[in-house]
Amino acid sequence: MAAVTHLGPMLTASEVAGMLHLHVNTVRRLGDRGELPFYRVCKRGDRRFLLEDVMSFLGRNRWASTQANPGRLPKLWHRR
């Protein structure tokens, strides 16, 4: 198996949740659905998210929400 030499800054699910103002379970769900790519690390299988992927996800969702509902945030961002 080839070693990965550099992926860039990686974040935990908690760090991503803090950046996006989401619950950590929502971040995990986005990863499970394939909307937010992640890598499994260590024996426990912890998730790590590339900062680049998180910023790309944010840009895609921010653009889509402004096209559908100008001036409103997508439902994903609303607190219940």
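Fair warning: this is a prediction, and the values are worked out from it, not measured in the lab.

Participant: Describe the pattern of salt bridges, with residues and values.
Facilitator: Tallied over the full model, the rule gives three salt bridges. We note a salt bridge from Glu 35 to Arg 33, for which the minimum N-O separation is 2.9 Å. A salt bridge links Arg 44 to Asp 46, with the shortest nitrogen-to-oxygen separation between them at 2.7 Å. Since its relative accessible area comes to 68%, Arg 44 is described here as exposed.

Participant: I'd like a description of the sheet that holds strand S3 (residues 46–50), backed by residues and values.
Facilitator: Spatial strand order, S1-S3-S2: three strands in an open sheet with antiparallel pairing. Every interior strand has two partners, whereas the edge strands, strand S1 (10–11) and strand S2 (39–41), have only one. Pairing of S2 with S3, which is carried by three bridges, proceeds in the antiparallel orientation. Within the sheet, the bridge partner assigned to Val 41 lies in S3 and is Asp 46.

The rules behind the values
Residues numbered from 1 in each chain as written. Predicted model: local features only at pLDDT ≥ 70, side-chain atom pairs only at ≥ 80, totals over all residues. Heavy atoms only, no water. Salt bridge = Lys/Arg side-chain N within 4 Å of Asp/Glu carboxyl O. Buried < 20%, exposed > 50% of the residue type's maximum accessible area, 1.4 Å probe, protein only. Pairing = 2+ DSSP bridges. Helix = DSSP H or I, 4+ residues; strand = E, 2+ residues; numbered from the N terminus.

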